[in-house]
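Tertiary structure, described
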Amino acid sequence: MDARMIITLSMGACLLVWVLFCGIGFMLRDRRNVAQSGFTAHVKCECCGTVYDVSSAEFAQGLMVKSKRISRTQMKGPAIVTKHSILYYAKKFNCPTCGKRHYAQVLNLDEIQEKTHKPLVKTGMRGIAAMVIGGILIITLFQIPMHFANKEAQRQVEEMKQQQYEQFKQDYGLGND
């Protein structure tokens, strides 16, 4: 296998690992931002109907989510704008009445989105910037050995051309004056 192929495959693997690392870090930072935002979610248990409050730290813990969304596309001037609205959003929480972990509908979702939107967008932009800068660094670092591998490949091509030329001269008796 050619050195250039190994370098290219290694660069691709490093870029993939970098993107996965940045994606996981992005999700963890988002959860931490939500947990630290300090809001109180009002939720209603789907099993028993009890309405209770949940802290932002508890809100950020659960992974199980059910939601229904609706999208509306409108013309605003020359642009087509799609607006997403969440009609229903529920997460699994420990119900104080049932004593079990059930889905509970979030009643004040608009308030929560309003409070967490700007910090999450800032975190997302920083995460994307870090991903791009890191990707450019990885590509740049792999271009150094690629440059030397390309020079070596070019040298081998020139050497093979010279050998073929010498063989041609020998076969046809040229240059034996």
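Going by the structure above, here's the rest.
Report on the accompanying structure. (Residues numbered from 1 in each chain as written. Predicted model: local features only at pLDDT ≥ 70, side-chain atom pairs only at ≥ 80, totals over all residues. Heavy atoms only, no water.)

In spatial order, the strands read β2-β1-β5-β4-β3; together these five strands make up an open sheet with antiparallel pairing. Both outer strands of the open sheet, β2 (51-55) and β3 (65-76), are each paired with one neighbouring strand and no more. Direction aside, neighbouring strands of the sheet carry axes that sit 40 degrees apart on average. As judged from the five bridges shared by strand β4 (residues 79-94) and strand β5 (residues 101-106), these two strands associate in the antiparallel manner. Bridge pairing in β5 places Lys91 opposite Ala104. Helix-sheet contacts for helix α3 (residues 109-172) involve β1 (40-45), β4 and β5, and the interaxial angle to β4 is about 110 degrees. (Pairing = 2+ DSSP bridges. Helix = DSSP H or I, 4+ residues; strand = E, 2+ residues; numbered from the N terminus. Axes fitted to C-alpha atoms, helices over the stretch in contact; angles between N-to-C directions. Contact = heavy atoms within 4.5 Å.)

The α-helix winds at 3.6 residues per turn, so residues separated by three or four positions along the chain end up facing the same way. For helix α1 (residues 3-36), spanning 34 residues, the distance from its first C-alpha to its last is 49 Å, which sits close to the expected 50 Å at 1.5 Å a residue. Within the span of α1, buried status applies to Ile7, Met11, Cys22, Gly25, Asp30 and Val34. Contact partners of the buried residues in α1: α2 (56-61) and α3. Residue Gly38 follows α1 closely and has a positive phi angle near 80 degrees. (Expected span 1.5 Å × (residues − 1). Buried < 20%, exposed > 50% of the residue type's maximum accessible area, 1.4 Å probe, protein only.)

Attention now goes to the packing of aromatic side chains. Applying the stated criterion to the full structure yields five aromatic pairs. Counting every residue linked through ring pairs, the aromatic cluster contains Phe39, Phe59, Tyr89 and Phe93. For Lys91, the ring lying beneath its charged end belongs to Phe59, and the centroid distance is 4.7 Å. (Phe/Tyr/Trp six-rings, centres within 6.5 Å; stacked < 30°, edge-to-face > 60°. Lys NZ or Arg CZ within 6 Å of the ring centre and 35° of its normal.)

Okay, the environment of Ile128 next. Relative to the elements of secondary structure, Ile128 occurs in helix α3. Considering only alpha carbons, one finds Ile128 and Cys22, 106 residues apart in sequence, at a separation of 8.2 Å.

This part takes up the layout of surface pockets. Within this model, the largest pocket holds a volume of roughly 610 Å³. Val34, Phe59, Tyr89, Thr116 and Leu120 are, among the 21 residues lining the largest pocket, the residues nearest its centre. Elements that contribute at least two residues to the lining of the largest pocket include exactly α1, α2, β3, β4 and α3. Ranked by the residues each element gives to the lining of the largest pocket, the list is headed by α3, at eight residues. Residues that form the lining of the largest pocket fall into these classes: 12 nonpolar, five polar and four charged. (1 Å grid on protein atoms, 1.4 Å probe; cavity = no way out; pocket = protein on both sides within 12 Å on 5 of 7 lines; lining within 4 Å. Points joined across faces, edges and corners; volume = space filled by probe spheres on them. Nonpolar A, V, L, I, M, F, W, Y, C, P; charged D, E, K, R; others polar.)

Our focus in this paragraph is the pairing of β2. Taking every second residue as pointing to the same face, the buried face of β2 carries Tyr52 and Val54, while none of Val51, Asp53 and Ser55 on the other face is buried. Of the strand pairs in this sheet, β1 and β2 are connected by five bridges, and their pairing is antiparallel. From the neighbouring strand, Val43 faces β2, where its bridge partner is Tyr52. Between β1 and β2, which pair antiparallel in sequence order, lie five residues; one of them, Gly49, sits at a positive phi of approximately 85 degrees.

Glancing now at the nonpolar core. Counting residues in each nonpolar core, the largest one holds 16 residues, and the members touching the most others are Ala41, Val43, Tyr52, Val54, Phe59, Phe93 and Val106. Those elements giving two or more residues to this core turn out to be β1, β2, α2, β4, β5 and α3. When residues in this core are grouped by element, the largest group, three residues, is from β1. Core analysis: the second largest hydrophobic core is formed by six residues, Ile7, Ile138, Phe142 and Ala149 among them. (Core = buried A, V, L, I, M, F, W, Y, C linked by side-chain atoms within 4.5 Å.)

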